[in-house]
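# Secondary and tertiary structure notes
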Amino acid sequence: MLKRIGVLTSGGDSPGMNAAIRAVTRSALSQGIEVVAIEDGFKGMVEGSMYLMNTRSVSDILYRGGTILGSARLPEFKDIEVRKVAVAKLKEFGVEAVVVIGGDGTYRGAMALTDMGINCIGLPGTIDNDIVSTDYTIGFDTALNTVIQNIDKLRDTSSSHHRCSVVEVMGNKCGDLAIYSGLSCGAEIIVTQETGYDEQEVLAKLRELDMNRKKKHAIVVISEKITDVEMLAAKISKATGFSGRSTVLGHIQRGGSPTAFDRVLATRMGDYAVELLVKGIGGHCVGMVHNEITSFPIEEALAMPKASRKALFALHQRLI
Ligand code: F6P
């Protein structure tokens, strides 16, 4: 019988992580299992920054962005010696199993700890939506809504000044924030790693939108790490009839109160993670597939091929 579990958040924070922490904590406590908060991800595990929680510890956090536990990236966790220290700390605190909330790096840590005898369950907490074993990650919907609100505002001013706004969105190497926000806002052009980037093609398309289609404004949504958006905006001013302006939305996308979708997703997933640990399962990650909460071995999940968004890009093209 499981007596005490830990919970941590790791990697970039995402809205809804707190809702997941609350669900894990209250679901475990309701079954007589104690819950230890591990601060700042695997770093806190190694340093022994842990404390016992009660049901009040997670009061008033369901609707808050960020993570009350703090988060960090710890590349050193790949080192077995570092992990041995973490396992020793967990044993010292009587923690038998852990729910880890984060992205794919976090999942790798969870898998390695499971191999060392500490059952871990991963929950997908990232705004990037880059975990293939779930239709949606916790935080993606909130970040997407933040992006949309900002693009809508940019469109107002762009339209007043016959401008083209180039908007850089996050996502690491995943284009989902770009394609979903582009579709939601009717962006004229969407560029992601999947579409590829051809600067001349972008400029030609903008000239066509200006001269033939007589568009009052244009929005280009582009995933981060593709090109320098400030330089692209300058080229747009020179080579098209629009004056170009660039906006990097940056970490604004990571904050804010989670949407209802993210709160429900995080709550369902947190509860399911505890259910798995109670059954003695470790090394799995939780996902939502066709609205059903399910789980996969982490190794299998990390090897799943990324779903193509071709159909969404084609739809976008047909409607512009
Ligand atoms: O993984 C979440 C994310 O926000 C990515 O979209 C982005 O590339 C990265 O984290 C930024 O990391 P940091 O907060 O360390 O600058």
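Residues numbered from 1 in each chain as written. Predicted model: local features only at pLDDT ≥ 70, side-chain atom pairs only at ≥ 80, totals over all residues. Heavy atoms only, no water.

### Considerations on the overall build of the protein
A tally of helices and strands in the protein yields 11 helices and 11 strands. Taking 20 Å as the expected radius of gyration for a compact globule of 320 residues, we find that the protein reaches 22 Å, a close match to that expectation. Expressed along its principal axes, the backbone C-alpha trace of the protein runs to roughly 70 × 35 × 35 Å. Long-range contacts, defined as pairs at least 24 residues apart, comprise 76% of the intrachain contacts of the protein with a sequence gap of at least 6. Accessible surface for the protein amounts to roughly 13900 Å². Of this, 51% is attributable to carbon and sulfur atoms. When the 36 positive and 37 negative side-chain charges of the protein are each reduced to one mean point, those points stand 4 Å apart. (Helix = DSSP H or I, 4+ residues; strand = E, 2+ residues; numbered from the N terminus. Rg over C-alpha atoms; globule rule 2.2 N^0.38 Å. Contact = heavy atoms within 4.5 Å. Areas by Shrake-Rupley, 256 points an atom, 1.4 Å probe, with all protein chains shown as cover. Lys, Arg positive; Asp, Glu negative; His and termini not counted. Charge placed at Lys NZ, Arg CZ, Asp CG, Glu CD.)

### Structural notes on the side chain of Thr146
On the secondary structure map, Thr146 appears in helix α5 (residues 140-160). Accessibility expressed as a relative area gives 13% for Thr146, which makes it buried. When sequence neighbours within four positions are dropped, the list of residues in contact with Thr146 reads Ile252, Gln253 and Gly255. (Buried < 20%, exposed > 50% of the residue type's maximum accessible area, 1.4 Å probe, protein only.)

### Concerning unusual backbone geometry
We note that Asp60 has phi near 60°; this positive angle belongs to a residue other than glycine. Even without being a glycine, His290 presents a positive backbone phi close to 50°. With respect to the element layout, His290 can be found in the loop between β10 (284-289) and β11 (292-297). Classification of His290 as exposed rests on a relative accessible area of 70%.

### Considerations on the sheet that holds strand β7 (residues 189-191)
Either a parallel or an antiparallel arrangement is found when strands of a sheet pair, and the pairing is made through backbone hydrogen bonds. Here we have four strands laid out as an open sheet, ordered β7-β8-β6-β9, and parallel in their pairing. Two strands lie at the open edges of the sheet, namely β7 and β9 (243-248), each paired on one side alone. With strand direction ignored, the average angle separating the axes of adjacent strands in the sheet is 15°. Both strand β6 (residues 163-169) and strand β8 (residues 218-223) contribute to a ladder of six bridges, which runs parallel. Considered in β8, the bridge of Glu168 is made with Ile222. Against the sheet, α5 contacts β6, β8 and β9, and its axis sits at roughly 165° relative to β6. (Pairing = 2+ DSSP bridges. Axes fitted to C-alpha atoms, helices over the stretch in contact; angles between N-to-C directions.)

### Regarding the nonpolar core
Judged by nonpolar contacts, the single largest core of 32 residues is most densely connected at Ile5, Val7, Val99, Ile101, Leu123, Met269 and Val286. Counting residues per element, the ones that place at least two in this core are β1 (4-9), α1 (17-30), β2 (34-38), β4 (97-102), β5 (119-124), α9 (260-278) and β10. Looking at this core, the element that brings in the most residues is α9, giving seven residues. Discounting chain neighbours no more than four positions away, the residues touching Val99 are Gly6, Val7, Leu8, Val24, Ile121, Leu123, Ala273 and Leu277. Judged by nonpolar contacts, the second largest core, of 25 residues, contains Met50, Val98, Cys120 and Ala301. (Core = buried A, V, L, I, M, F, W, Y, C linked by side-chain atoms within 4.5 Å.)

### Brief notes about the site of the ligand
All residues adjacent to the ligand are Arg73, Asp128, Met170, Gly171, Asn172, Glu224, Lys225, His251 and Arg254. A distance of 3.1 Å separates an oxygen atom of the ligand from a polar backbone atom of Gly171. At a separation of 2.5 Å, an oxygen atom of the ligand approaches a polar side-chain atom of Glu224. Its residues placed into classes, the shell around the ligand shows one nonpolar, three polar and five charged. (Near = heavy atom within 4 Å. Polar contact = N/O pair within 3.5 Å; in protein donor to acceptor, adjacent residues only side chain to side chain. Nonpolar A, V, L, I, M, F, W, Y, C, P; charged D, E, K, R; others polar.)

### Some words on the pattern of salt bridges
Tallied over the entire structure, the rule returns 10 salt bridges. With a shortest N-O distance of 3.0 Å, Glu34 and Arg4 are connected by a salt bridge. Placement of the pair is Glu34 in strand β2 and Arg4 in strand β1, with a sequence separation of 30 residues. A relative accessible area of 21% means that Arg4 is categorised as partly exposed. (Salt bridge = Lys/Arg side-chain N within 4 Å of Asp/Glu carboxyl O.)

### Here we look at the domain arrangement of the protein
Segmenting the protein into domains produces domain 1 (4-139 + 258-303) and domain 2 (141-255). Just the C-alpha atoms count here: the centres of domain 1 and domain 2 sit 34 Å apart. Domain 1 puts 14 residues into the contact, and the matching count from domain 2 is 14 residues. Taken over both partners, the interface formed by domain 1 and domain 2 buries close to 1100 Å², and the fraction arising from carbon and sulfur atoms is 52%. (Domains from an automatic or database assignment. Buried area = accessible area lost by both parts, 1.4 Å probe.)

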